[in-house]
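Spelled out, the chains give:
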Amino acid sequence: MGLKRSTSLNAIYGESGRTPLYTRCLTKIINYKRKLDSSYNNPLLYTAYTCSKELDSLGYTTWITKFRDITKKLPLNIPEPCTIKSQLVKSNIEKDFKNKWLRSICNEEVSPKLRTYKLFKQKFKFEPYLSLHSFKFRKAIAQFRTGSHWLRIETGRYDNLSKEHRICLQCKITEDEIHNMIECTRFTTQREALFITARETIPNFNNQSKHAKFISVLSSTDPSLLNALGRFLVATNSEYDYKI
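What comes next concerns the included structure. (Residues numbered from 1 in each chain as written. Predicted model: local features only at pLDDT ≥ 70, side-chain atom pairs only at ≥ 80, totals over all residues. Heavy atoms only, no water.)

**Let's talk about the overall build of the chain**
Part 1: In terms of regular secondary structure, the chain is built from 12 helices and 0 strands.
Part 2: Along the chain, helices and strands appear, N-terminal first, in the series α-α-α-α-α-α-α-α-α-α-α-α.
Part 3: Taking 18 Å as the expected radius of gyration for a compact globule of 244 residues, we find that the chain reaches 24 Å, considerably beyond that expectation.
Part 4: For the chain, the spread of C-alpha atoms along the three principal axes comes to 75 × 40 × 30 Å.
Part 5: Within the chain, the proportion of its 244 residues that are buried is 43%.
Part 6: For the chain, the proportion of contacts with a sequence separation of at least 24, taken over those separated by at least 6, is 60%.
Part 7: Summing over all exposed atoms, the chain offers an accessible surface of approximately 13,600 Å²; the carbon and sulfur share of this is 55%.
Part 8: Taking the average location of the 41 positive side-chain charges in the chain and that of its 23 negative ones, the two points are 4 Å from each other. (Helix = DSSP H or I, 4+ residues; strand = E, 2+ residues; numbered from the N terminus. Rg over C-alpha atoms; globule rule 2.2 N^0.38 Å. Buried < 20%, exposed > 50% of the residue type's maximum accessible area, 1.4 Å probe, protein only. Contact = heavy atoms within 4.5 Å. Areas by Shrake-Rupley, 256 points an atom, 1.4 Å probe, with all protein chains shown as cover. Lys, Arg positive; Asp, Glu negative; His and termini not counted. Charge placed at Lys NZ, Arg CZ, Asp CG, Glu CD.)

The structure is reproduced here in structure tokens:
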């Protein structure tokens, strides 16, 4: 995706539509517990497992102890012996992560860099722009969407500027993502090419507010509009001294 290391992990997870590794590890741990509980036909394994449970009951730390500590906070009722189906385990763990992810991106105190991201990203899924042929377009769109970009609202942080002082040098107002895409006079020519495609693919685009236009473009799955967006962002990025 071509993003900085400081990019929000929640944004990366949301764009790729992939849950973190720990969700798959949890699924495997619970599935292994189910396997142990039904390992009667493997005397050696079942004996070792039974000893582990007995030692746990006596206050010793065993695999069972760790299993209980790891899974007790999950939104999942794990019966004893474990009989829960693998697919149910997987779906519940992923659902729990996605719910936490949505709460996190909507909480500006937790994810301040995602103040704009939450406007257009409400569903945890793979974003179609990541399938565009041009790496430059994919990279530019990913940077722009996740706040890992070249605009003053982001780079002004490096100079310890307050938000109100992170202004567009052309228009003398806050240079954020909406300003850059919708109204900055510096990029009128580049924007017209983007808006021509937007008018062709988004119903009633001309009559939308600037916020609605911004959300409509970034929510689009139309390949022609995504390519136009990538082309616009690559062109505008080239006008900045600061490079990602």
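**Remarks on the pattern of salt bridges**
Part 1: Across all of its chains, the model carries 19 salt bridges by this definition.
Part 2: A salt bridge links Glu15 to Lys121, with the nearest nitrogen and oxygen atoms 3.9 Å apart. Within this pair, whereas Glu15 is found in helix 1 (residues 9-16), its partner Lys121 is found in the loop between helix 6 (117-120) and helix 7 (135-146), the two being separated by 106 residues in sequence.
Part 3: One salt bridge connects Lys163 with Glu108, and the closest N-O pair in it is separated by 3.4 Å. With Lys163 in the loop between helix 8 (152-155) and helix 9 (177-183) and Glu108 in the loop between helix 5 (86-105) and helix 6, the pair connects residues that are 55 residues apart, well separated along the chain.
Part 4: Judged by its relative accessible area of 35%, Glu108 falls in the partly exposed class.
Part 5: Sharing partners across several salt bridges, the network here consists of Glu15, Lys121, Lys125, Glu127 and Arg145. (Salt bridge = Lys/Arg side-chain N within 4 Å of Asp/Glu carboxyl O.)

**What about the packing of helix 2 (residues 21-37) against helix 5?**
When two helices pack together, their arrangement is given by the angle between the helix axes and the distance between those axes.
Part 1: Across the interface, helix 2 lies against helix 5 with an axial gap of 9 Å and an inter-helix angle of 150°. By the criterion of interaxial angle, the relationship of helix 2 to helix 5 is roughly antiparallel. Considering the relative orientation of helix 2 and helix 5, their crossing is right-handed. Facing Tyr22, Thr23, Leu26, Thr27, Ile30, Asn31 and Arg34 of helix 2, the residues of helix 5 in contact are Ser86, Val89, Lys90, Ile93 and Phe97. (Axes fitted to C-alpha atoms, helices over the stretch in contact; angles between N-to-C directions. Parallel < 35°, antiparallel > 145°, perpendicular 65-115°, else oblique. Left-handed = near helix turned anticlockwise from the far one by under 90°.)

**Re helix 3 (residues 43-57)**
Part 1: In this model, helix 3 (15 residues) spans 21 Å end to end at C-alpha, consistent with the 21 Å of a helix rising 1.5 Å per residue.
Part 2: Lining the buried residues of helix 3 we find helix 2 and helix 4 (63-71).
Part 3: In the segment just after helix 3, Gly59 is the residue with positive phi, at about 100°. (Expected span 1.5 Å × (residues − 1).)

**Topic: empty space enclosed by the protein**
Part 1: Counted by the stated rule, this structure contains 1 cavity of 30 Å³ or more.
Part 2: Size it by volume and the largest cavity reaches roughly 40 Å³.
Part 3: Forming the boundary of the largest cavity are Glu127, Pro128, Tyr129, Ile141, Arg145, Val217, Leu218, Ser220, Leu226 and Leu229.
Part 4: Tallied by class, the residues present in the lining of the largest cavity amount to 7 nonpolar, 1 polar and 2 charged. (1 Å grid on protein atoms, 1.4 Å probe; cavity = no way out; pocket = protein on both sides within 12 Å on 5 of 7 lines; lining within 4 Å. Points joined across faces, edges and corners; volume = space filled by probe spheres on them. Nonpolar A, V, L, I, M, F, W, Y, C, P; charged D, E, K, R; others polar.)

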